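# Results of the structural survey
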Amino acid sequence: MIKYTRHTLDNGLTVICNTDTSTPFVSVNILYKVGAKNEDPNRTGFAHLFEHLMFGGSKHIPNYDYHVQKAGGDNNAFTNNDYTNYYITIPASNIETALWLESDRMMALDFSQKSLDVQRNVVIEEFKQRYFNNPYGDLWLKLRPLAYKVHPYQWPTIGKNIDHIAGATLEEVKDFFHRFYAPDNAILSISGNITDEKALELVKKWFGDIAPANYTRQAVPVEPRQTEERRLVSEHNKVPADAIYKVYHMGDRRSDNFYACDIISDILSNGQSSRLYINLIKNGKLFSEIDAYITGDMDPGLFVFSGKLSEGVAIEEAEAAIQSEINHFIEDPITERELQKVINKTDARISYSEINYQNKSANLAFFDYLGDIELINSESKRYQVPLDTLKQTAKELFSIDNCSTLWYLKEK
Amino acid sequence: MNRNIEPPITEISRPTLWEHRQTKLSNGLDIVYLHDPNQEVFKIDVIVPTGGYYQPQPIVASTMLSMLNEGTRLHTSTEIAELFDYHGAYVDFNCGMHKSEINMISLNKYARETIRMVAEMVLESIFPRKELEIYIRNRKQQHLVNIEKTAYLARMEFIYRLYGDTHPYANRFTLEDFDRVTPDILMKYYKERFQASHCRIMLCGNINDTVIREVSEAFAPMSNLPLPDTQLFDIHPYAPGRYHVTKPDAVQTSIRIGKAGVSLLDEDYTNFQLLNMVLGGYFGSRLMSNIREEKGYTYGIGSYNVTMPLAAYWMIATDVNADQAEATIEECMKEIRRLQTEPVPEEELHLVKSYFNGELLRELDGAFAQSDALKHKLNYGIDNTFYLRTIDRIRTCTAEDIMRMANKYLQPEDMYIVTAGK
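The rules behind the values
Residue numbering note: each chain is counted from 1, following its sequence as written. Written order determines the labels here, with chains lettered from A and ligands numbered from 1. Two thresholds apply to this predicted model, a pLDDT of at least 70 for residue-level local features and 80 or more for giving and counting side-chain atom pairs, whereas whole-chain, interface and lining totals are computed over all residues. Only DSSP runs of H or I covering at least 4 residues are called helices, and only runs of E covering at least 2 are called strands; the numbering of each starts at the N terminus. As defined in this context, the radius of gyration uses C-alpha atoms, and a globule is described by 2.2 Å times the residue total to the power 0.38. To sort residues by exposure, count the other C-beta atoms lying within 10 Å of each residue's C-beta; 20 or more gives buried, 12 or fewer gives exposed, and values between give partly exposed, all with C-beta atoms placed from the backbone. Contacts are defined on C-beta atoms placed from the backbone: any two residues whose C-beta positions lie within 7 Å are in contact. Convention adopted: a line fitted to C-alpha atoms gives each axis, helices being fitted over their contacting stretch, and angles between N-to-C directions are expressed from 0 to 180 degrees. Here the angle decides the label: under 35 degrees means roughly parallel, over 145 means roughly antiparallel, 65 to 115 means roughly perpendicular, and every other value means oblique. Polar here means any residue outside two lists: the nonpolar Ala, Val, Leu, Ile, Met, Phe, Trp, Tyr, Cys and Pro, and the charged Asp, Glu, Lys and Arg; Gly therefore counts as polar. At least two bridges found by DSSP between two strands are what make those strands a pair. Each domain's extent was defined by an automatic or database domain assignment. Summarising the geometry, the arc corresponds to the directions from the helix axis toward the C-beta atoms. What pLDDT expresses is the predictor's confidence in each residue, scored from 0 to 100. Only buried Ala, Val, Leu, Ile, Met, Phe, Trp, Tyr and Cys residues enter a nonpolar core, and they are joined through C-beta atoms within 7 Å.

On to the overall build of chain A. Scanning chain A for helices and strands turns up 15 helices and 11 strands. Over its C-alpha trace chain A gives a radius of gyration of 23 Å, about what one expects of a compact globule, namely 22 Å for 412 residues. Expressed along its principal axes, the backbone C-alpha trace of chain A runs to roughly 60 × 45 × 35 Å. Residues classed as buried in chain A amount to 51% of the 412 residues present. Here the contacts in chain A between residues at least 6 apart in sequence split such that 79% fall between residues at least 24 apart.

All names here are of chain B. Checked against the element boundaries, Ser-62 lands in helix H1 (residues 60–66). Its 22 C-beta neighbours within 10 Å are what place Ser-62 among the buried residues. Between the C-alpha atoms of Ser-62 and Ser-100, which are 38 residues apart in sequence, the distance is 8.6 Å.

A packed helix pair is summarised by two numbers, namely the angle formed by the two axes and the spacing between the axes. Residue and element names in this part refer to chain B. At a minimum axis distance of 10 Å, the contact between helix H12 (residues 346–363) and helix H14 (residues 385–396) shows a crossing angle of 175 degrees. Looking at the two axes, H12 sits roughly antiparallel to H14. Between H12 and H14, the contacting residues are Lys-353, Phe-356, Asn-357 and Leu-360 on the first element and Tyr-387, Thr-390, Ile-391 and Ile-394 on the second. Looking at side-chain class alone, the contact of H12 with H14 contains 5 nonpolar, 2 polar and 1 charged residues.

A word on the interface of chain B and chain A. The partner chain A presents 54 residues to the 56 residues of chain B that form the contact. Secondary structure elements with two or more residues in the side of chain B that touches chain A: helix H2 (77–86), strand E5 (100–107), helix H4 (129–146), helix H10 (286–294), strand E9 (298–307), strand E10 (312–321) and H12 of chain B. Here the side of chain B that touches chain A gets 7 residues from one element, more than from any other, and that element is H12(B). Residues that form the side of chain B that touches chain A fall into these classes: 22 nonpolar, 19 polar and 15 charged.

Quick look at the sheet that holds strand E4 (residues 74–79) of chain A now. Residue and element names in this part refer to chain A. Ordered by their spatial adjacency, 6 strands build an open sheet running E1-E2-E6-E3-E5-E4, and the pairing between neighbours is mixed. Of all strands in the sheet, those with a lone pairing partner are strand E1 (5–8) and E4, marking the two edges. Direction aside, neighbouring strands of the sheet carry axes that sit 15 degrees apart on average. Where helix H1 (residues 46–53) meets the sheet, its contacts fall on E4 and strand E5 (84–91), and the angle it forms with E4 comes to roughly 165 degrees. Relative to the sheet, helix H13 (residues 357–370) contacts strand E2 (14–19), strand E3 (25–32), E5 and strand E6 (186–192), its axis offset from that of E6 by approximately 150 degrees.

Residues and elements named next belong to chain B. On the basis of which strands lie adjacent, the open sheet formed by 6 strands has the order E1-E2-E6-E3-E5-E4 and mixed pairing. The open sheet has two edge strands, strand E1 (21–24) and strand E4 (90–95), and neither has a second partner. Across the sheet, the mean angle from the axis of one strand to that of its neighbour is 15 degrees, orientation sign disregarded. Where E1 lies against strand E2 (residues 30–35), 4 bridges are found, and the strand directions are antiparallel. Of the residues in E2, the one forming a bridge with Lys-24 is Asp-30. Helix H8 (residues 209–219) contacts E2, strand E3 (41–48) and strand E6 (200–205) of the sheet and is inclined by roughly 160 degrees relative to E6.

Turning our attention to the domain arrangement of chain A. All names here are of chain A. For chain A, the domain assignment lists domain 1 (5–207) and domain 2 (230–410). Every contact between the two is made by 32 residues of domain 1 and, on the other side, 25 residues of domain 2. For the side of domain 1 that touches domain 2, the residue count by class is 14 nonpolar, 12 polar and 6 charged.

Quick look at the environment of B:Ile207 now. Residues and elements named next belong to chain B. As for its position among the elements, Ile-207 is in the loop between E6 and H8. According to the C-beta neighbour criterion, Ile-207 is buried, with 25 such atoms within 10 Å. Remark: the alpha-carbon pair of Ile-207 and Pro-37, spanning 170 residues in sequence, is separated by 7.5 Å. Sequence-distant contacts of Ile-207, that is, excluding residues within four places in its chain, are made with Tyr-33, His-35, Phe-42 and Ile-212.

What follows covers H8(B). Residues and elements named next belong to chain B. What H8 keeps buried is the set Val-211, Val-215 and Phe-219. Summarising the axial view, the buried residues of H8 lie within an arc of 35 degrees, below the 170-degree limit, and thus occupy one face. Tucked into the core, H8 has its buried residues touching E2, E3, helix H3 (111–124) and E6.

All names here are of chain A. With 7 of 7 residues buried, E6 is to be regarded as a mostly interior element. Burial along E6 is two-sided: Ala-186, Leu-188, Ile-190 and Gly-192 facing one way and Ile-187, Ser-189 and Ser-191 facing the other are all buried. Pairing analysis gives 6 bridges linking E2 to E6, with the strands arranged parallel. Its bridge partner being in E6, Thr-19 is matched across the sheet by Gly-192. Of the strand pairs in this sheet, E3 and E6 are connected by 7 bridges, and their pairing is antiparallel. From the neighbouring strand, Leu-31 faces E6, where its bridge partner is Ile-187.

Residues and elements named next belong to chain B. Partitioning chain B into structural domains gives domain 1 (21–219) and domain 2 (241–421). Facing 23 residues of domain 1, the contacting portion of domain 2 comprises 29 residues. Those elements that place two or more of their residues in the side of domain 1 that touches domain 2 are E2, E3, helix H5 (150–163) and E6. In terms of residue count, H5 provides more of the side of domain 1 that touches domain 2 than any other element does, 9 residues in total. A class-by-class count of the residues in the side of domain 1 that touches domain 2 yields 12 nonpolar, 3 polar and 8 charged.

This paragraph deals with the confidence of the model for chain B. Scored by pLDDT, chain B comes out at a mean of 96, with 100% of its residues at no less than 70. Scored as a whole, the predicted complex attains pTM 0.93, and scored at its interfaces, ipTM 0.89.

Right, let's talk about the nonpolar core for a bit. Ranked by size, the top nonpolar core spans 108 residues in total, and within it B:Val46, B:Val118, B:Ile201 and B:Leu203 carry the most contacts. It is H5(B) that provides the largest number of residues to this core, a total of 8 residues. Two domains each put at least three residues into this core: domain 1 (21–219) and domain 2 (241–421) of chain B. With residues near it in sequence (within four places) discarded, B:Leu203 still touches B:Ile31, B:Tyr33, B:Phe42, B:Ile44, B:Val211 and B:Val215. With 71 residues, the next largest nonpolar core counts A:Ile30, A:Ala47, A:Tyr86 and A:Phe367 among its residues.

The backbone phi angle of A:Asn214 is positive, close to 50 degrees, even though this residue is not glycine. Given 10 C-beta atoms within a 10 Å radius, A:Asn214 is considered exposed. For B:Asn171, which is not glycine, the phi torsion reads 50 degrees and is therefore positive. In this fold, B:Asn171 is placed in the loop between H5 and helix H6 (175–179). Since 15 C-beta atoms lie within 10 Å of it, B:Asn171 is described here as partly exposed.

So, in structure tokens, the structure goes:
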């Protein structure tokens, strides 16, 4: 049970506080409600590039990192399709340093051509390191546009291609900042060795006078229902083994469908006692790796099967084996023990995640963004899904019309 | 409010060390634990005297360890996995050079079931042939993926040149070595080396009486024979200089620059750590500022001192735009020379010291972190008071000390400069 308090300042900033006296640190976590899905289709990768620019200095503070490090702090950030998250962990007595830094860059980032020029190159190298200099690295660049025709999940956070990043201009950077980086588009959560009252008082002191953006967000286009099977074959990849990916559209992060799909994926492939591991790796020897998981996006996401084939196995045979596991799931009984196992694992996972104050602050902000902060304490209840609902969900989910398949083949 | 004035910074507090307790079973097994009554979970680490340094042939130590959950006298691999999965416990194996670990995190309410199964793996594994075949097949495939990565190729080439053809720290093996591992070899190795008085169990989290009792009972039957004599190896390094691994289509070049490092127990360790930090040990380091933030050649660059019981190595690691590899190497050497000839400005040294102090406090934040820190230090015959001594050393380190370290340890003619790429 995580105790927290939640307030909204006059300028729209949401403030969440959680006291944890087991650590000498505090985590100051800021979630901005902007991700790759809010990008222009002709300028993708922008939210992530912008995250890099947030470390280039602000109006009163030319060197962000310098002050974090001097106060014994550590910081990092990540961007995904739905949001951008920044955090600093810092000795609790130095929390004001973190609030000073974060409030200053929320109020007025220092836009510099030099910083943009350099970070464009850094991000291009990141693109190469993750996507091109890494076996199987580019498969989501192929899979996303196959599965999504309209919704911006069709591109990864790094962007559709390097040219989009190379072409970003300073004007676009400024525009992006003024739209999305404002108190009324952010959630600030603090967890650590400080009372809720003190934390709130200091947040008001540093953030209270920042003007809201009052920007009306454009609706993100909705992906129409897929009506026929899609297939793509990618050949001549420099990889040691063929790989197969099968993805299915599922519900959004708030829906009951999300929890049902999460359980289905766990029954199929969470741990070495799961069905796919035993049937397809251990006994079938068809795959060296096989996984079923959900992407966990806020908007309707994907249920994913991904597998690397064992040497000498034909890809048709591998695909048929996955299909047979799907049929088996829909047609044959799920045991109570299988279900209980997933529930126990989920409970344990939640318990482990509560150990760390930084996790707590990030989770509090995320659940608030989802629209129901109380989920942080009640989410395990949503995993109590009846067996027949699971089967019904699987039957609808795994329909052939809802499927996109990618064969990712090695060089012959 | 004046935003030009930074809020006052208080000096970083000294870490409070958790008191650990220690007990020994009658077979000599050492049990060390840190109790945090506020947790509802606990972690157990079983530390065993196996690893790359002591193995009859390549791959054996890591295979033996990874196969511990693949079958015991009483349970099949699926039953073992089922038990841990059902109780929400996570098991992990960590193979080192001289010590290896079996780790498990579990809910306290299932302590009895999960601890017993860990003990069963440590005491009664059988290494079934079928599971071994699957394991080896998958590991071979993982190896084939690895050798497609320039970062992997550069690192392997670096330790090879540094430690030579025969020393285990070079971690040499071929694809054929995978096929030479048999259940008998694993069993013999396991039986020889899992001896109670050479092992240690670390417990942390909620270590109530039940946990202690279960561990004591479950591990009481562990055998305790003397370890066999071990072969000692000499290091026969190649000459320092340039080495290249060709990977024709690579879009980036991986660079490793380094040499022998400084051991954890060396007098110079803390000062050298500070030097390393200035150069490449944190986000604001000179290498990051120069190669990433100034020139944009890379997504990241860092330097590390890796210490092992019989040797240490130090290296700079980065993956850069293939066209900028030579320029990057040149800048790295320039930054090293600058540290050898110019004292680090007071402000920068102060910054690095503060950051280092913060890092140490972080390494000791909470029972789980303190236990991990202690586990590592006990392998070197010291404990977490090491951190307090380090903090005192940080305080007294001067810019002259840093320059002395740079001249003593970072001589360019001693460097191995390894590239992997086109």
